[in-house]
Amino acid sequence: MSELLIWSAVALYLVVSLVVAWRSRQGQGTGMADYFLGNRQMGGMVSALSYSATTYSAFMMVGLAGLTYAGGVGALGFEILYFAGVSLVAIFGPRFWAVGRHFGFVTPGEMLGHRYESRGVAVAVTLTSCLFLIPYASVQLAGVGYLLSGMSGGAVSFTTGVVVATLLAILFSRIAGMRSVAWTDSLQALFMIVASTLVALLVVHELGGFGVLFDRLAREHPQSLVVPGNGVFSLINFLGLTLPWFFFSLSNPQVSQRLFMPKDLSAMRRMLLGFLVFGFIYTLVSVLWGFSALVAFPSLESADLATPTLLASSHVPPVLGVIVMVGILAAAVSTIDSIMLTLASMIARDLRSSSKGSEQAQLKLGKWVMPVIALIALGFAELRLDLIAVLSVASSSGLVVAVPAIVGAFFWRRGTATGALVSIVGAGALVLASFVTGIKPLGLPAGLWGLPMATILYLGASLVTRPPRDGARFMQIANRQHSRSR
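Every chain is numbered independently, its residues counted from 1 as its sequence is written. Under the rules for a predicted model, residues below a pLDDT of 70 receive no local features and side-chain atom pairs below 80 are neither given nor counted, while totals for whole chains, interfaces and linings still include all residues. Hydrogens are left out, water is left out, and the side-chain values use all remaining heavy atoms of the structure.

The protein chain has the name Pantothenate permease in an unreviewed UniProt entry, where Kushneria marisflavi is given as its organism. UniProt positions are given in the numbering used here, feature names are shortened, and annotations may be inferred rather than shown by experiment. Under the UniProt heading Subcellular location (unreviewed entry), the note attached to the protein chain is "Cell membrane". The heading Sequence similarities (unreviewed entry) in the UniProt record of the protein chain holds the text "Belongs to the sodium:solute symporter (SSF) (TC 2.A.21) family."

Structural data, given as structure tokens:
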């Protein structure tokens, strides 16, 4: 594909997105909630599209397509189980929203610190989030690097693609914080779902239609249509991938923080329903991309090149290919700028005590932290580690250790600060050690035992320590609002 066409499309995307982001500045306040939560006034449609764009990032059209290319239909089951995990939002969403409104929480770490009456818990959540989310942010940058490099035949280097995505994410998040991110996310989500679906159908048509596509898969790649297939989705690997992914909506703070943002519970319900429709379509499209690439190009050097190679091929007209490319670029940028905003808000709010600085001081610190986070993610992306999908799940394996403390915050009065700290720090350290050393206790991947270990530590430490005095009130506020929402 022409390098000029690629850069022209990126430039047009930049101009349109900047106009949307700049217009979102109208009515912007000066506080932490204004900048990082959109003043808690997000409508249902904007929330749904922004939630979708943040969740479905480069992981989908590059990562999930690549995982389908490498391992076959098991990738669909993996993603469907994640999709089922979004049902947790129906349980926890109204509770997050209620306590966020009542106590003025800006970050999930602040919420847990208040519930367990321990600033140490908030600090532990923030540090764990930074440790495991920055690699996930780097995945988005790497996805853009692979995309631009693959579609240009190497004319645009991997590093150039990574730098472009980093600069765009910094730019959009700085203009108006969550307001600009949410509105540009909405534009990007509509663009990526329409473009990718239409072009996927075109590719299938070029390959002879659905019948021919699956006949060729059955004849030439039969292992791609069964589980475990070629071994990528053996039972242990499958469970190791899906368990942390199931809890993504709770464990990943850039996602759970968005539960503070809807203007009311009706908007939250519309957000959830809109996301489910969007996610189902996008999942099928991404898996279809992977299958199509496997039939058309069965001997790629890297599975993560499946989508870029397909888009740059004769099966897709250049103009349509570059449209989908921009959609994937937009998805990646929407995720990394959301991660930057969330981590910056957590560092400014939870690592620096609110009693030691005004909201304006916290906001100033958060704005300075965002580009630092982006540059660290850029450096990590340059390492080009493993498959994008596998790296994404590795990050979730580390973040899932906070789930027992989150569940206990709303449903177990006996949960204590010590239990939360021990489970997050202890299980998080074990997960990190497993990834660094490659050691798998009992032969099980970290994604499979991280959550059970965190649960055991949380329950055990809580039972031998004293619970916080006001935990019951926190739960009462959360559960009363949830009862009204049904």
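Peer 1: Can you walk me through the overall build of the protein chain in this structure?
Peer 2: Helix and strand definitions here come from DSSP, where helices need a minimum of 4 consecutive H or I residues and strands a minimum of 2 consecutive E residues; each element is numbered from the N-terminal end. The helix and strand tally for the protein chain stands at 23 helices and zero strands. Its C-alpha radius of gyration of 22 Å places the protein chain within 12% of the 23 Å reference for a compact globule of 486 residues. Referenced to the eigenvectors of the C-alpha coordinate spread, the extents of the protein chain come out at roughly 65 × 55 × 40 Å. Burial classes: relative accessible area under 20% of the type maximum marks a residue as buried, over 50% as exposed, and values in between as partly exposed (1.4 Å probe, protein chains only). By residue count, 59% of the 486 residues in the protein chain fall in the buried class. Throughout, a contact is declared for two residues whenever any of their heavy atoms are within 4.5 Å. Considering only intrachain contacts with a sequence separation of at least 6, the fraction spanning at least 24 residues in the protein chain is 86%. The method behind every accessible area is Shrake-Rupley, applied with a 1.4 Å probe, and residues are considered shielded solely by the protein chains displayed. Of the accessible surface of the protein chain, which amounts to about 17500 Å², a share of 67% is contributed by carbon and sulfur atoms. Here the globule rule reads 2.2 Å times residues to the power 0.38, and the radius of gyration is calculated from C-alpha atoms.

Peer 1: What is the right way to read the nonpolar core from this model?
Peer 2: Buried together is how nonpolar side chains tend to be arranged in soluble globular proteins. Among the nonpolar cores identified, the biggest contains 158 residues, and Y56, F96, M111, Y116, W289, M325 and F410 are the most heavily contacted of them. If one sorts the elements of this core by residue count, helix α17 (residues 318-351) sits on top with 19 residues. Those residues in contact with F410, other than ones at most four positions away along the chain, are F92, R95, F96, V99, M111, F474, M475, A478 and N479. Only buried Ala, Val, Leu, Ile, Met, Phe, Trp, Tyr and Cys residues count toward a nonpolar core, and they belong to the same one when joined by side-chain atoms within 4.5 Å.

Peer 1: Would you explain the packing of aromatic side chains in this entry?
Peer 2: Pairs of aromatic rings are described using the distance from one ring centre to the other and the angle between the two planes. Aromatic pairs are defined between Phe, Tyr and Trp rings, using the six-membered ring for Trp, whenever the two ring centres lie within 6.5 Å; interplanar angles under 30 degrees are classed as stacked, those over 60 as edge-to-face, and all others as tilted. Here the structure, examined in full by the defined rule, presents 20 aromatic pairs. Centre to centre, the rings of F214 and F291 are 5.9 Å apart; their planes meet at 70°, and the pair counts as edge-to-face. Of this pair, F214 sits in helix α11 (residues 210-220) while F291 sits in helix α15 (residues 265-296); the two residues are 77 residues apart in sequence, bridging distant segments of the chain. Judged by its relative accessible area of 5%, F291 is buried. Measuring from centroid to centroid gives 4.9 Å for W245 and F248, while their planes differ by 55°, and the two rings are tilted. Residue W245 is classed as buried on the basis of its relative accessible area of 2%. Judged by its relative accessible area of 1%, F248 falls in the buried class. Three or more aromatic residues joined by ring pairs make a cluster, and in this case those are F92, F96, F103, F105, F260, F410, F411 and F474. Note that R115 overlies the ring of Y116, its terminal NZ or CZ placed 5.0 Å from the centroid. Counted as over-ring charges are cases with an Arg CZ or a Lys NZ within 6 Å of the ring centre that also lie within 35 degrees of the ring normal.

Peer 1: Mind showing me how you'd approach the pattern of salt bridges here?
Peer 2: By convention in these notes, a salt bridge is any Lys or Arg side-chain nitrogen within 4 Å of a carboxyl oxygen on Asp or Glu. The full count for this structure, using the stated rule, is three salt bridges. A salt bridge links E110 to R349; its shortest N-O distance comes to 3.2 Å. Of this pair, E110 sits in helix α7 (residues 108-115) while R349 sits in helix α17; the two residues are 239 residues apart in sequence, bridging distant segments of the chain. We note that E110, like R349, is buried. In this structure, a network of salt bridges that share partners links the residues R216, R219 and E220.

Peer 1: Is there a simple way to explain a nonpolar patch on the surface in this structure?
Peer 2: Each patch is built from residues that are more than 30% exposed by relative accessible area and take part in no salt bridge. Like charges join if they lie within 9 Å; nonpolar side chains (Val, Leu, Ile, Met, Phe, Trp, Tyr) join within 5 Å. Judged by side-chain polarity, I80, V277, F280, I281 and L284 come together as a nonpolar surface patch covering roughly 410 Å² of accessible area. The biggest single contributor to the nonpolar patch is α15, with four residues. Within the fold, I281 resides in helix α15.

Peer 1: Just checking my understanding: could you explain the packing of helix α8 (residues 119-151) against α17 for this structure?
Peer 2: With axes taken as lines fitted to C-alpha atoms, and helix axes fitted only over the stretch in contact, angles between N-to-C directions fall between 0 and 180 degrees. The interhelical angle for the contact between α8 and α17, taken along N-to-C directions, is 160°, at an axis separation of 9 Å. Between α8 and α17, the angle falls in the class roughly antiparallel. The interaxial crossing formed by α8 with α17 has left-handed handedness. Residue composition of the contact of α8 with α17, by class: 25 nonpolar, five polar and two charged. Orientation labels follow simple angle bins: below 35 degrees gives roughly parallel, above 145 gives roughly antiparallel, 65 to 115 gives roughly perpendicular, and whatever is left gives oblique. By convention the crossing between two helices is left-handed if the near helix lies anticlockwise of the far one by an angle smaller than a right angle, and right-handed if it lies clockwise. Following the grouping adopted for this structure description, the nonpolar residues are Ala, Val, Leu, Ile, Met, Phe, Trp, Tyr, Cys and Pro, the charged ones are Asp, Glu, Lys and Arg, and the polar ones are all others, Gly among them.

Peer 1: Explanation requested: helix α22 (residues 446-463) in the structure shown.
Peer 2: Over its 18 residues, α22 runs 25 Å from end to end, which matches the ideal 26 Å to within 8%, given 1.5 Å per residue. Inspection of α22 places A446, G447, L448, W449, G450, L451, A454, Y458, A461 and S462 among the buried residues, and these make up the whole buried set. To estimate the expected span of a helix, subtract one from its residue number and multiply by 1.5 Å.

Peer 1: Any chance you could explain the environment of V20 here in plain terms?
Peer 2: As for its placement among the helices and strands, V20 is situated in helix α1 (residues 3-23). It is 9.9 Å that separates the C-alpha atoms of V20 and S186, two residues lying 166 residues apart in sequence. For V20, the residues in contact, after removing those within four places along its chain, are W183, T184 and L187.

Peer 1: Any chance you could explain the packing of α11 against α15 here in plain terms?
Peer 2: When two helices pack together, their arrangement is captured by the angle between the axes and the distance separating the axes. Look at α11 against α15: their axes get within 10 Å of each other, and the N-to-C directions meet at 65°. Of the two elements, α11 crosses α15, and the hand of that crossing is left-handed. Counting all contacts with α11, which are made through F210, L213, F214, R216 and L217, the residues of α15 involved are L288, F291, S292, L294 and V295. Residues belonging to the contact of α11 with α15 are distributed by class as follows: eight nonpolar, one polar and one charged.

Peer 1: Mind showing me how you'd approach helix α3 (residues 44-55) here?
Peer 2: An α-helix turns once per 3.6 residues; consequently, residues spaced three or four apart project the same way. Compared with an ideal rise of 1.5 Å per residue, which puts twelve residues at 16 Å, α3 spans 16 Å between its outermost C-alpha atoms and is within 8% of the ideal. Where burial is concerned, most of α3 is hidden: eleven out of the twelve residues are buried. Buried within α3 are the following residues: G44, V46, S47, A48, L49, S50, Y51, S52, A53, T54 and T55.

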